[in-house]
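Coordinate inspection notes
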Amino acid sequence: DAKTTQPTSMDCAEGRAANLPCNHSTISGNEYVYWYRQIHSQGPQYIIHGLKNNETNEMASLIITEDRKSSTLILPHATLRDTAVYYCIARGTGTASKLTFGTGTRLQVTL
Amino acid sequence: GAVVSQHPSWVICKSGTSVKIECRSLDFQATTMFWYRQFPKQSLMLMATSNEGSKATYEQGVEKDKFLINHASLTLSTLTVTSAHPEDSSFYICSARGGASGDPWGYEQYFGPGTRLTVT
């Protein structure tokens, strides 16, 4: 699976949009981009995933560039409860695929 | 839906003893389960992958005789840390995945809440 690169940390004011970038320049055509987050001392929580089209669900939006080499996770109205480590992962399909976690981005939402 | 539970949520044991951690998929059948370990301020590291009824596949550097994994049913996997030592103290997280796409929960991995192991 392709390696991803994320900033180590970011801050966001409560109520504002949080835009978390991810680079995956070596992603292959059949690899999806997944986003998970981990709140302190809990298991990771699935947020969203996509292949090449932009995706939106009740938690977030995922914007993938046309060349698929990077993506941005958008939390439209960040709250204090969104403070967590956010992981961007490229994962292929098939029975052998698995989620491999990098270092992620620590998002701190402040008042 | 797609709930994964772990038991216990935390455990303290003495050095040299063995500890068993259970991982259950509550509302779907998990054909594949994954075990991760996370040390403080670090990311999750995959330890092993198990398919129901088969032997687990361990990642490089993970001792299979120390971390025994059993995946005897489609809803239960266990991780036993044998002869635990203080350096095994960590946060252990399991993840479960259903069958092929088209299943109710598709092909996604769902994570349990984690088990914090402290070896004294």
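These lines cover the structure that appears in this document, whether it is placed above or below. (Residues numbered from 1 in each chain as written. Chains lettered and ligands numbered in written order. Predicted model: local features only at pLDDT ≥ 70, side-chain atom pairs only at ≥ 80, totals over all residues. Heavy atoms only, no water.)

1. Concerning the side chain of A:Thr4
Residue and element names in this part refer to chain A. Relative to the assigned elements, Thr4 resides in the segment before β1 (9–13). Only 2.9 Å separates the side chain of Thr4 from the backbone oxygen of Cys88, close enough to count as a polar contact. In this structure, Thr4 is in contact with Cys22, Asn23, His24, Cys88, Ile89 and Ala90, ignoring residues within four places of it in sequence. (Helix = DSSP H or I, 4+ residues; strand = E, 2+ residues; numbered from the N terminus. Polar contact = N/O pair within 3.5 Å; in protein donor to acceptor, adjacent residues only side chain to side chain. Contact = heavy atoms within 4.5 Å.)

2. Quick look at the interface of chain A and chain B
Every contact between the two is made by 18 residues of chain A and, on the other side, 18 residues of chain B. Buried surface at the junction of chain A and chain B, both sides included, amounts to about 1,400 Å², of which 47% is carbon and sulfur. The three residues of chain A that bury the most area against chain B are A:Pro44, A:Lys98 and A:Phe101, which together make up 30% of that side's buried surface. Counting across the chain A and chain B interface gives one salt bridge. Linking chain A with chain B are eight residue pairs in polar contact (both at pLDDT 80 or more). If you list the elements that add at least two residues to the side of chain A that touches chain B, you get β3 (32–38) and β8 (84–91) of chain A. It is β3(A) that contributes the most residues to the side of chain A that touches chain B, three residues altogether. Classifying every residue of the side of chain A that touches chain B by side-chain character gives six nonpolar, ten polar and two charged. (Buried area = accessible area lost by both parts, 1.4 Å probe. Salt bridge = Lys/Arg side-chain N within 4 Å of Asp/Glu carboxyl O. Nonpolar A, V, L, I, M, F, W, Y, C, P; charged D, E, K, R; others polar.)

3. Focus: the environment of A:Gly43
Tracing the sequence through the fold places A:Gly43 in the loop between β3 and β4 (45–50). If sequence neighbours within four positions are ignored, A:Gly43 has contacts with A:Arg37, A:Gln38, B:Ile93, B:Gly112 and B:Pro113.

4. Digging into the pairing of strand β7 (residues 70–75) of chain A
Residues and elements named next belong to chain A. Residue alternation in β7 divides its side chains into a buried set, Ser71, Leu73 and Leu75, and an unburied set, Ser70, Thr72 and Ile74. As defined by bridge partners, strand β2 (residues 18–23) adjoins β7 across six bridges and the pair is classed as antiparallel. Note that in β7 the partner of Asn23 across the bridge is Ser70. Strand direction decides the pairing type here: strand β6 (residues 61–64) and β7, joined by four bridges, are antiparallel. Bridge pairing links Leu62 to Leu73 in β7. Linkage of β6 to β7, two consecutive antiparallel strands, is achieved through a turn of five residues, within which Arg68 is found at a positive phi near 65°. (Buried < 20%, exposed > 50% of the residue type's maximum accessible area, 1.4 Å probe, protein only. Pairing = 2+ DSSP bridges.)

5. Thoughts on the sheet that holds strand β5 (residues 55–56) of chain A
The sheet built from four strands is open, its strands ordered β2-β7-β6-β5 (chain A) with antiparallel pairing. The open sheet is flanked by β2 and β5 of chain A, the only strands paired with a single partner.

6. As for the sheet that holds β8(A)
All names here are of chain A. Here five strands make up an open sheet; going across it, the order is β1-β9-β8-β3-β4 and the pairing mixed. For this open sheet the edge positions go to β1 and β4, each flanked by a neighbour on one side alone. Within this sheet the neighbouring strands show an average axis-to-axis angle of 25°, counted without direction. Inspection of the sheet shows β3 paired to β4 by five bridges, in the antiparallel sense. Of the residues in β4, the one forming a bridge with Trp35 is Ile48. (Axes fitted to C-alpha atoms, helices over the stretch in contact; angles between N-to-C directions.)

Fair warning: the whole summary comes from geometry, so function is off the table for now.
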